[in-house]
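Residues per chain, in single letters:
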Amino acid sequence: MSLDADAKKVLLRKIPHGLFICGVAEGDVVNGFTASWVTQGSFEPPLVVMAVRADSTSNGMIQRTGKFSLNVLAADQKDLAAVFFKPQQGVGGRFDAAPYKLGEHGLPILDDGLGGVECAVVGQVAHGDHTVFVGEVKSAQLHRDAAALELSSTGWNYGG
Ligand SMILES: Cc1cc2nc3c(=O)[nH]c(=O)nc-3n(C[C@H](O)[C@H](O)[C@H](O)COP(=O)(O)O)c2cc1C
């Protein structure tokens, strides 16, 4: 039986997603991009699961360094999410719009987000156009507790 591509697209787009800024760091180079394919994968140890485009700059940086951060945006930070998926002036240029500090594991945590976690890669599946990374949460910084940005509120689609 062949896959019904239209049904697959409609159904997969029903999966609810947040919108996050994933941070990566390799030597002195930092980068960040908007990620929506993110979920929790375990309570203990605390794991998160994130799919990253195979052809992105950040994918290679995560492969080589084995770590990434996830920044949670506030519900009113759609403009910032847009900055982090658009083309940039040089790797890391998107951070001109968003000040950050490096966390204890050397990964970018945005000053203005709700907070961020730093993760060590403990597993990955490279199959298809995204790599699925499993990261163990090693640090967590909460700046403020408020409603988070959700993909459904933006009118954008990433999925299907
Ligand atoms: C709404 C939206 C959600 C996105 N979610 C993801 C995602 O989950 N994973 C991913 O790899 N790229 C995602 N992207 C695309 C990246 O943000 C984009 O490819 C970015 O340019 C990659 O940056 P880099 O090449 O500097 O690493 C998304 C884009 C949009 C518009």
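Below is a summary of the structure that appears in this document. From a predicted model like this one, the values you see are computed outputs, not experimental measurements.

Definitions and limits used
Residues numbered from 1 in each chain as written. Predicted model: local features only at pLDDT ≥ 70, side-chain atom pairs only at ≥ 80, totals over all residues. Heavy atoms only, no water. Pairing = 2+ DSSP bridges. Helix = DSSP H or I, 4+ residues; strand = E, 2+ residues; numbered from the N terminus. Axes fitted to C-alpha atoms, helices over the stretch in contact; angles between N-to-C directions. Contact = heavy atoms within 4.5 Å. Disulfide = S-S within 2.5 Å. Buried < 20%, exposed > 50% of the residue type's maximum accessible area, 1.4 Å probe, protein only. Near = heavy atom within 4 Å. Polar contact = N/O pair within 3.5 Å; in protein donor to acceptor, adjacent residues only side chain to side chain. Areas by Shrake-Rupley, 256 points an atom, 1.4 Å probe, with all protein chains shown as cover. Nonpolar A, V, L, I, M, F, W, Y, C, P; charged D, E, K, R; others polar. Salt bridge = Lys/Arg side-chain N within 4 Å of Asp/Glu carboxyl O. Phe/Tyr/Trp six-rings, centres within 6.5 Å; stacked < 30°, edge-to-face > 60°.

**Notes on the sheet that holds strand 2 (residues 29-35)**
The seven strands are arranged 2-1-5-8-9-4-3 in an open sheet whose pairing can be described as antiparallel. What marks the edges here is a single partner per strand, and that holds for strand 2 and strand 3 (38-42). Taken pair by pair, the neighbouring strands of this sheet meet at an average axis angle of 35 degrees, ignoring direction. With 11 bridges connecting them, strand 8 (residues 115-126) and strand 9 (residues 130-142) associate as antiparallel partners. From the neighbouring strand, E118 faces strand 9, where its bridge partner is S139. Helix 2 (residues 57-65) contacts strand 1 (20-26), strand 2, strand 4 (47-53), strand 5 (67-72), strand 8 and strand 9 of the sheet and is inclined by roughly 55 degrees relative to strand 1.

**Here's the deal with the state of the cysteines**
This model, assessed by the stated rule, comprises zero disulfides. For the unlinked cysteine C22, the closest cysteine sulfur is that of C119, found at 8.3 Å. C22 sits in the buried class, given a relative accessible area of 0%. Looking at C119, the relative accessible area reads 2%, which means it is buried.

**Section: the site of the ligand**
With respect to spatial proximity, 20 residues lie near the ligand, and among them T34, W37, A51, R53 and S58 are the closest. Between the ligand and the protein, one listed contact pairs an oxygen atom with a backbone N or O atom of T34 at 2.8 Å. Protein contacts shield 89% of the accessible area of the ligand, which totals 650 Å² for the unbound molecule. Elements with a contribution of two residues or more to the shell around the ligand: strand 2, strand 4 and helix 2. With four residues, the top contributor of residues to the shell around the ligand is strand 2. Here the residues of the shell around the ligand sort into 10 nonpolar, eight polar and two charged.

**Regarding the pattern of salt bridges**
Throughout the structure, instances matching the rule amount to four salt bridges. The shortest N-O distance in the salt bridge between R64 and E26 comes to 2.6 Å. Of this pair, R64 sits in helix 2 while E26 is found in strand 1, placing the two residues 38 residues apart along the sequence. Its relative accessible area of 56% is what places R64 among the exposed residues.

**Observations regarding the packing of aromatic side chains**
Enumeration over the complete set of coordinates arrives at four aromatic pairs. Between the aromatic rings of F84 and F95, the centroid separation amounts to 5.2 Å while the plane-to-plane angle is 70 degrees, which identifies the pairing as edge-to-face. Taken as a pair, F84 in the loop between helix 3 (78-83) and strand 6 (100-102) and F95 in the loop between helix 3 and strand 6 lie far apart in primary sequence, 11 residues in all. A residue is classified by how much of its surface remains accessible, and F95, at 6% relative accessible area, is buried. Taking 5.0 Å as the distance between ring centres and 90 degrees as the angle between the ring planes, the aromatic pair formed by F85 and W156 counts as edge-to-face. You can see F85 sitting in the loop between helix 3 and strand 6 and its partner W156 sitting in the segment after strand 9, a full 71 residues away along the chain. Here F85 falls in the partly exposed class, since its relative accessible area comes to 42%. Members of the aromatic cluster, each reached through a chain of ring pairs, are F84, F95 and Y100.

**Some remarks on the side chain of N59**
If you trace the backbone, N59 turns up in helix 2. Within the structure, the side chain of N59 is placed 3.1 Å from the backbone oxygen of V52, a separation counted as a polar contact. Among all residues touching N59, those that are not within four sequence positions of it are V52, R53, A54, T131 and F133.

Limitation: the analysis is restricted to geometry and does not speak to function.
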